[in-house]
Amino acid sequence: MSILFHENTQTFHLTNGQISYLMKVLPDGSLGQLYFGRAIRDRESFDHLLEMHPRPMSACVFEGDKRFSLEHCLQEYPVYGTTDFRRPAVELVQPNGSRIASFVYQSHTVTPGKPGLAGLPATYCEEAGEGETLTVCLRDPLLKVSLLLSYTLFRDLPALARSARLVNEGGQDLHLTTAMSLSLDLPDSGYELIHFSGAWSRERHMKVRRLEQGIQSVESTRGHSSHSHNPFIMLRRPGTGEDSGEVMGFSLLYSGNFLARAEVDPWDTTRVTLGINPFGFDWKLAPGESFQTPEAVVVWSGQGMGDMSRAFHRLYRTRLARGQWRDRPRPILINNWEATYFDFTEDKLVAIARAAREDGVELFVLDDGWFGARCSDSAGLGDWTPNPDRLPGGVTRLAERIEALGMQFGLWFEPEMVNRDSQLFRAHPDWVLQTPGRRASLGRNQLVLDFSRTEVVDNIYEQMSKILSQAKVSYVKWDMNRSMTEVYSAALPPDRQGEVMHRYILGVYDLYDRLTRRFPHILFESCASGGGRFDPGMLYYAPQCWTSDDSDGVERQKIQYGTSFCYPLSSIGAHVSAVPNHQVNRLTPLSTRANVAAFGTFGYELDLNRLTPEERAQVREQIAFMKEYRQVIQFGDFYRLLSPFEGNFTAWMVVSPDRRTALVGWYKVLNEVNGPYRRVRLRGLDPSLRYTVDGGSEHFGDELMEVGLLTTDSAAGERQPDEPPARDFDSHIFVLKA
Ligand code: DGJ
């Protein structure tokens with residue numbers, strides 16, 4: 001791995017044998033982009049890649065030189081209006097009203113490892129040799145603003161982490177209205193753009209479209225990364241599949257408003273920009289102040305989307321997630337939400353836990369409704385003290401009773417929210433986001449606490465810490481159930497109101513940081529009405545996330561498949577829930593619900609007391625299966641085989657690092673009459689090893705990968721004697737052992 005700088009040609013070459021990233025100081029001193037892709041040999045000069053031709057209608061930087069226009073250069077961190085007309089990476093509004101800036105190369109440093117980003121989530125190196133960081137310092141001499149562009153190249157991954165920092169070293173107030181984490185210019189537009197979009201209960205559905213001249217983007221304006229779009233996009237060459245072809249993934253480590261944009265100009269070059277959404281963003285940069293953007297990660301693969309995903313999985317599982325739970329198989333949990341909603345007593349909860357314990361569940365999670373005046377969703381948020389009517393012995397006694405069953409205890413919070421009907425709101429009505437003189441719109445009957453204020457974060461931290469230190473709590477589910485409206489902070493002056501949404505997210509990160517430091521043994525699971533904040537920012541603090549409120553065995557195939565493009569299975573919270581399903585009213589077999597949930601962090605979201613003895617026996621088998629294989633599932637290599645977005649069948653698999661164990665999840669939506677013979681070609685096996693399938697037939701890895709595994713009516717092997725023949729929503733997990 002090396003970060004090279006060729007003094008004579010002012011060229012940077014970042015390469016680790018897998019990828020090369022080339023940049024060059026341009027004639028005006030700004031930083032240009034030359035190449036990003038498969039690793040290439042180094043040379044002193046790549047200047048020929050800087051194609052400069054005079055073109056009509058171009059504005060040119062230097063008098064007398066019709067060839068040099070920024071409009072026709074690939075750039076690293078572009079500004080608008082100094083001969084480039086595309087959307088910029090940075091924009092600074094100055095006291096005289098000008099928005100023009102110009103950043104000129106000053107110096108650079110190369111350091112081993114990777115420095116952290118204060119107050120923000122970031123990937124990291126555990127040992128200095130795992131990565132190397134280049135920081136390029138540029139400066140606008142007129143504004144006296146320094147721009148520090150940071151690039152970390154990871155030794156073993158085709159991945160680059162980027163961020164930018166702006167420092168106002170001058171004497172005037174500036175307003176930063178755009179500060180992107182990553183801008184990357186590509187020399188052509190022969191790509192498909194893929195994004196993961198949806199809504200509550202149908203998160204991260206895969207959308208594919210051809211890049212065209214013009215701007216195409218996804219974003220969030222909701223204050224959280226959102227169900228609507230995910231801060232992750234891919235560009236792939238047409239024809240790229242799971243196993244072959246060129247693809248780039250762009251991921252933003254941020255949980256608030258983001259923008260992911262691809263702009264194709266009239267000459268078919270493509271500019272990808274990723275960062276905090278400039279819409280509504282206005283950060284005052286007073287003299288001496290600096291602004292750090294969130295981090296963005298870009299992964300390149302020449303071996304298809306599967307390879308790209310596995311690089312993200314590895315990076316995010318091992319060098320973004322942190323803490324005691326990072327490398328540990330996750331406990332099998334039962335959550336009472338869909339079993340009881342708000343209707344529970346301490347005894348009822350213990351009865352649910354006891355049944356679960358009998359079947360092998362390890363962790364009981366008490367969801368919403370245990371605190372304050374919370375008997376419905378219209379009261380109590382903000383008051384994190386146990387409700388004495390429901391929990392006469394407090395959380396402490398309930399936790400003791402759960403522990404006495406031989407289980408661990410987990411607790412739900414929604415720290416960022418408040419109901420008007422709460423002691424907290426009555427005491428501090430100005431602690432919410434609301435615009436003076438205007439209505440404060442409610443979402444789920446609640447208001448959003450102003451987490452841009454330290455005293456608000458302090459209060460919630462104290463309340464949560466008290467409960468978490470009094471009761472034996474091993475797990476926290478951190479929920480967030482509404483988007484932000486009428487955003488305004490009573491604590492900030494008028495010229496800083498454009499900072500509120502970002503400061504809010506910094507407040508969320510601050511609270512997470514304090515709690516995870518103080519309670520390092522607690523496993524945190526993030527949640528936002530299901531997957532409304534499933535992003536890498538959250539994964540830095542909470543290694544797993546409740547993927548969606550939709551736990552239907554069919555719907556979840558798309559949701560988990562889409563989520564897997566960027567996020568590792570160890571982060572994908574997946575539970576078995578009751579039928580008829582509470583979201584879509586569908587009846588699916590218990591086996592299928594479990595076979596889908598198995599590919600994530602597994603649990604139950606129902607009252608097992610309501611199941612038949614036969615179903616309970618199935619549950620016991622499912623739990624035993626998960627205990628045997630969760631290490632492989634959560635920490636092995638994941639391969640997508642058949643896409644639920646393309647047909648009636650879904651298949652995916654995990655392979656253990658030593659390639660001796662593999663699990664293949666196979667799912668059918670509707671049953672077929674007299675259907676075709678079907679095979680699914682497996683991936684990631686050792687071609688020369690002989691595998692048993694479900695302890696029966698034996699096949700070499702190459703046969704399973706090239707010819708395929710026969711799946712015609714494959715659910716037959718799993719059918720219980722009293723179950724009907726092949727049916728709708730069937731599924732099977734094939735166990736392969738070398
Ligand atoms: C939304 C979450 O996604 C659910 O799992 C549950 O915790 C409810 N909130 C509780 O209000």
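Because the structure is a prediction, the values reported are computed rather than measured.

**Student:** Looking at this model, I keep getting lost on the site of the ligand. Mind explaining?
**Tutor:** In the neighbourhood of the ligand, 13 residues make up the surrounding shell, with D367, D368, K477, D479 and D549 lying closest. R444 is positioned such that a nitrogen or oxygen atom in its side chain is 2.8 Å from an oxygen atom of the ligand. Measuring from an oxygen atom of the ligand, one finds a side-chain N or O atom of K477 at 2.7 Å. Here the ligand, which alone exposes 290 Å², has 97% of that area covered by the protein.

**Student:** So what exactly am I meant to see when it comes to the sheet that holds strand β33 (residues 661-668) here?
**Tutor:** Spatially, six strands are ordered β31-β32-β33-β38-β35-β36 in an open sheet, and the strand pairing comes out antiparallel. Whereas interior strands pair on both sides, the edge strands pair on one side only; in this sheet they are β31 (637-642) and β36 (698-700). With direction set aside, neighbouring strand axes in the sheet form an average angle of 25°. Two elements, β33 and strand β38 (residues 731-737), share seven bridges in a ladder whose sense is antiparallel. Across the sheet, residue V664 finds its bridge partner in β38, namely F734.

**Student:** What is the right way to look at the state of the cysteines in this model?
**Tutor:** The term disulfide refers to a covalent linkage connecting the sulfur atoms of a pair of cysteines. In total, this model carries zero disulfides according to the counting rule given. C545 carries a free sulfur, and the closest cysteine sulfur to it, the one in C527, is 6.8 Å from it.

**Student:** Quick question: what am I supposed to make of the packing of aromatic side chains here?
**Tutor:** The relative placement of two aromatic rings is captured by the distance of their centres and the angle of their planes. Tallying each qualifying case throughout the model produces 38 aromatic pairs. Between F196 and F232, the ring centres sit 5.7 Å apart and the planes meet at 25°, which makes this aromatic pair stacked. In this pair, F196 sits in strand β11 (residues 192-197) while F232 sits in strand β14 (residues 229-236), placing the two residues 36 residues apart along the sequence. Take F196: its relative accessible area is 2%, and that puts it in the buried class. For F232, a relative accessible area of 1% puts it in the buried group. Pairing W337 with Y341 gives two aromatic rings, centres 4.9 Å apart and planes at 80°, and the pair type is edge-to-face. Owing to a relative accessible area of 17%, W337 belongs among the buried residues under this scheme. Exposure remark for Y341: the relative accessible area of 31% places this residue in the partly exposed category. Among the aromatic residues, ring-to-ring pairing joins F196, F232, F312, Y316, Y561, F565 and F645 into one connected group. One residue, R237, lies across the ring of Y191, its end atom 4.0 Å from the ring centre. One residue, R390, lies across the ring of F344, its end atom 4.7 Å from the ring centre.

Reading the values: the criteria
Residues numbered from 1 in each chain as written. Predicted model: local features only at pLDDT ≥ 70, side-chain atom pairs only at ≥ 80, totals over all residues. Heavy atoms only, no water. Near = heavy atom within 4 Å. Polar contact = N/O pair within 3.5 Å; in protein donor to acceptor, adjacent residues only side chain to side chain. Areas by Shrake-Rupley, 256 points an atom, 1.4 Å probe, with all protein chains shown as cover. Pairing = 2+ DSSP bridges. Helix = DSSP H or I, 4+ residues; strand = E, 2+ residues; numbered from the N terminus. Axes fitted to C-alpha atoms, helices over the stretch in contact; angles between N-to-C directions. Disulfide = S-S within 2.5 Å. Phe/Tyr/Trp six-rings, centres within 6.5 Å; stacked < 30°, edge-to-face > 60°. Buried < 20%, exposed > 50% of the residue type's maximum accessible area, 1.4 Å probe, protein only. Lys NZ or Arg CZ within 6 Å of the ring centre and 35° of its normal.

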